[in-house]
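# Residue-level structural notes
Here are the chains, one letter per residue:
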Amino acid sequence: MSTAKLSLNGQEYEFPVIEGSEHEVAIDFTKLRAQTGAISYDPGYGNTGSCKSAITFIDGEKGILRYRGYPIEQLAEHSNFVEVCYLTIYGKLPSAAELAAFQKSLTYHTLIHEDMKKFFEGFPPTAHPMAIMSAMTVSLSAYYPDLLDPEVVDLNIARLLAKAKTLAAFAYKKSIGQPYIYPRNDLNYTEDFLHMMFAVPAEPYKVSPVIARALDLLLILHADHEQNCSTSTVRMVGSSQANLFASIASGISALWGPLHGGANQEVINMLEMIHRDGGDYKKYMDMAKDKESGFRLMGFGHRVYKNFDPRARILKKAADDVLDELGVNDPLLGIAKNLEEIALADSYFVERKLYPNVDFYSGIIYRALGIPTDMFTVMFVLGRMPGWIAQWKEMREDPATRINRPRQVYSGATERDYTPVTSR
Ligand code: CMC
């Protein structure tokens with residue numbers, strides 16, 4: 001095993017170097033403080049490996065994304081969301097019998113406790129569905145025991161995956177004041193979600209296969225993305241041995257922010273703004289480049305991808321296909337494509353390696369499928385659910401897991417004496 005040398009205050013220290021299965025190199029600083037008295041400083045954790053993980057591999061320079069070793073392009077073309085859930089959580093492609101049993105389990109746990117409907121009623125109609133989603137997910141822990149018995153863990157995993165779509169659809173129905181539509185056991189995962197979203201009691205609802213397949217693709221592409229902000233949050237909270245539902249509810253809150261999963265909603269707001277402004281791209285490009293403006297080109301840039309985001313590539317093509325198949329003519333798609341072309345030729349974006357990310361085209365597809373803008377980030381929640389669960393499970397099963405507790409470099413006042421308010 002090779003080592004890395006660090007020299008501090010004239011003294012030399014050695015640290016082990018570890019290598020991942022894709023030859024990623026890391027210096028093991030587990031004993032850094034114990035040996036040197038110093039800590040590492042890495043705001044935003046851009047250089048910090050917080051765990052070893054066998055779930056997702058990303059090579060940001062080459063635009064590679066694989067779940068459990070399988071390229072995202074192959075899964076997008078040949079798999080389906082439920083199979084991808086099994087793959088990410090249990091680490092292998094299921095046999096036909098395993099898939100059938102898993103599918104059945106996800107079908108039979110879709111109902112939520114009737115009492116939970118009262119929680120929905122308590123929210124104002126203007127509540128953002130992400131607020132409801134996070135609150136309802138943590139509330140599930142009030143109904144289901146948190147036992148470390150593997151069978152109960154698996155049961156809770158199935159419950160969470162199955163109920164998440166019911167919660168999401170109920171959150172939408174609440175926001176538009178329509179009655180909740182109960183799940184149907186004869187439909188598959190994506191079809192059932194669409195049914196709960198769009199059916200009304202007065203008339204039968206037929207799920208469009210084009211819409212169901214497009215939604216399935218979107219969910220597959222969001223299934224996991226290694227140690228991003230929300231996943232790290234799930235692991236952080238879970239490291240205190242908080243239960244599955246509580247850990248994942250915290251991930252939902254982390255995802256909500258506009259720099260993370262909230263970006264898909266912001267992309268559409270931005271494209272609509274440009275559209276209303278008569279397609280004045282230059283104005284928005286200039287604003288994005290001006291640090292004082294506080295404006296960023298939403299759906300552009302990524303901490304890890306510095307060449308292209310493979311998910312955005314798949315979605316750009318899917319946007320064309322889906323809008324074509326559905327006969328939707330959305331001017332925002334044209335604006336997005338023009339914006340991408342201009343940005344990719346602009347030295348500001350080229351130098352900083354800023355490319356469209358997964359959120360740039362996903363919103364346009366969601367719109368074509370009839371999903372309202374407020375629900376976009378909730379769709380991201382449904383897609384990312386298996387990834388969060390897989391990471392939580394891996395963390396709980398890893399003997400190396402310790403409660404996550406970073407250090408800090410204190411920069412506040414040094415010791416001073418308290419003075420009574422009368423003498424200040
Ligand atoms: N528009 C304009 N400038 C940008 C953008 C953007 N979208 N993204 C980054 N930059 C600039 C940034 O100002 C900085 O410039 P400089 O070096 O001159 O200070 C440089 O590029 C590096 O940016 P950073 O903020 O240090 O990069 P980061 O890795 O901390 O942030 C990011 C990554 C995704 C938060 C950021 O690119 C961003 O805010 N993008 C817009 C929001 C967005 O689309 N988020 C979705 C991410 S993908 C889905 C997900 O994982 O949730």
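Because the structure is a prediction, the values reported are computed rather than measured.

The 3 strands lie next to each other as β1-β2-β3, forming an open sheet whose pairing is antiparallel. At either end of the open sheet lies a strand with only one pairing partner, and these are β1 (3-8) and β3 (25-27). Each adjacent strand pair in this sheet contributes to an overall mean axis angle of 30 degrees, direction not counted. In the sheet, β1 pairs with strand β2 (residues 11-19) via 6 bridges, with the strands oriented antiparallel. Bridged to Thr3 within β2 is Pro16.

Remark: helix α7 (residues 150-176) packs on helix α8 (residues 189-198), axes separated minimally by 8 Å, with the N-to-C direction vectors making an angle of 20 degrees. When the interaxial angle is binned, α7 and α8 end up roughly parallel. For the element pair α7 and α8, the recorded crossing hand is right-handed. Across the interface between the two elements, Leu161, Lys165, Thr166, Ala168, Ala169, Tyr172 and Lys173 from α7 touch Tyr189, Asp192, Phe193, Met196, Met197 and Phe198 from α8. Taken together, the residues of the contact of α7 with α8 sort by class into 9 nonpolar, 1 polar and 3 charged.

A few words now on the pattern of salt bridges. Think of it this way: side chains of opposite charge can pair up when their charged atoms draw near. Within this structure, the stated rule accounts for 20 salt bridges. Between Lys317 and Asp321 there is a salt bridge whose closest N-O contact spans 2.8 Å. Of the two residues, Lys317 and Asp321 are both situated in helix α14 (residues 310-326); the distance of 4 residues between them amounts to about one turn of the helix. Owing to a relative accessible area of 33%, Asp321 belongs among the partly exposed residues under this scheme. Between Glu397 and Lys393 there is a salt bridge, and its shortest N-O distance comes to 3.1 Å. With Glu397 and Lys393 both in helix α18 (residues 376-397), this residue pair falls 4 residues apart, about one helical turn. Relative accessible area serves as the criterion here: at 53%, Glu397 is assigned to the exposed category. Judged by relative accessible area, Lys393 falls into the buried class, the value being 12%. Each of Glu272, Asp330 and Arg367 takes part in salt bridges that share partners, so that together they form one network.

A word on the domain arrangement of the chain. Under the domain assignment used here, the chain contains domain 1 (3-64), domain 2 (71-259 + 373-397) and domain 3 (263-368). A straight line from the C-alpha centre of domain 1 to that of domain 3 covers 34 Å. In this complex, domain 1 contributes 8 residues to the contact, which on the side of domain 3 involves 7 residues. Among the residues domain 1 hides against domain 3, the three largest losses belong to Gly60, Glu61 and Gly63. Together they make up 59% of the total. Counting every contact that joins domain 1 to domain 3 gives 0 salt bridges.

Rules used in this analysis
- Residues numbered from 1 in each chain as written.
- Predicted model: local features only at pLDDT ≥ 70, side-chain atom pairs only at ≥ 80, totals over all residues.
- Heavy atoms only, no water.
- Pairing = 2+ DSSP bridges.
- Helix = DSSP H or I, 4+ residues; strand = E, 2+ residues; numbered from the N terminus.
- Axes fitted to C-alpha atoms, helices over the stretch in contact; angles between N-to-C directions.
- Parallel < 35°, antiparallel > 145°, perpendicular 65-115°, else oblique.
- Left-handed = near helix turned anticlockwise from the far one by under 90°.
- Contact = heavy atoms within 4.5 Å.
- Nonpolar A, V, L, I, M, F, W, Y, C, P; charged D, E, K, R; others polar.
- Salt bridge = Lys/Arg side-chain N within 4 Å of Asp/Glu carboxyl O.
- Buried < 20%, exposed > 50% of the residue type's maximum accessible area, 1.4 Å probe, protein only.
- Domains from an automatic or database assignment.
- Buried area = accessible area lost by both parts, 1.4 Å probe.

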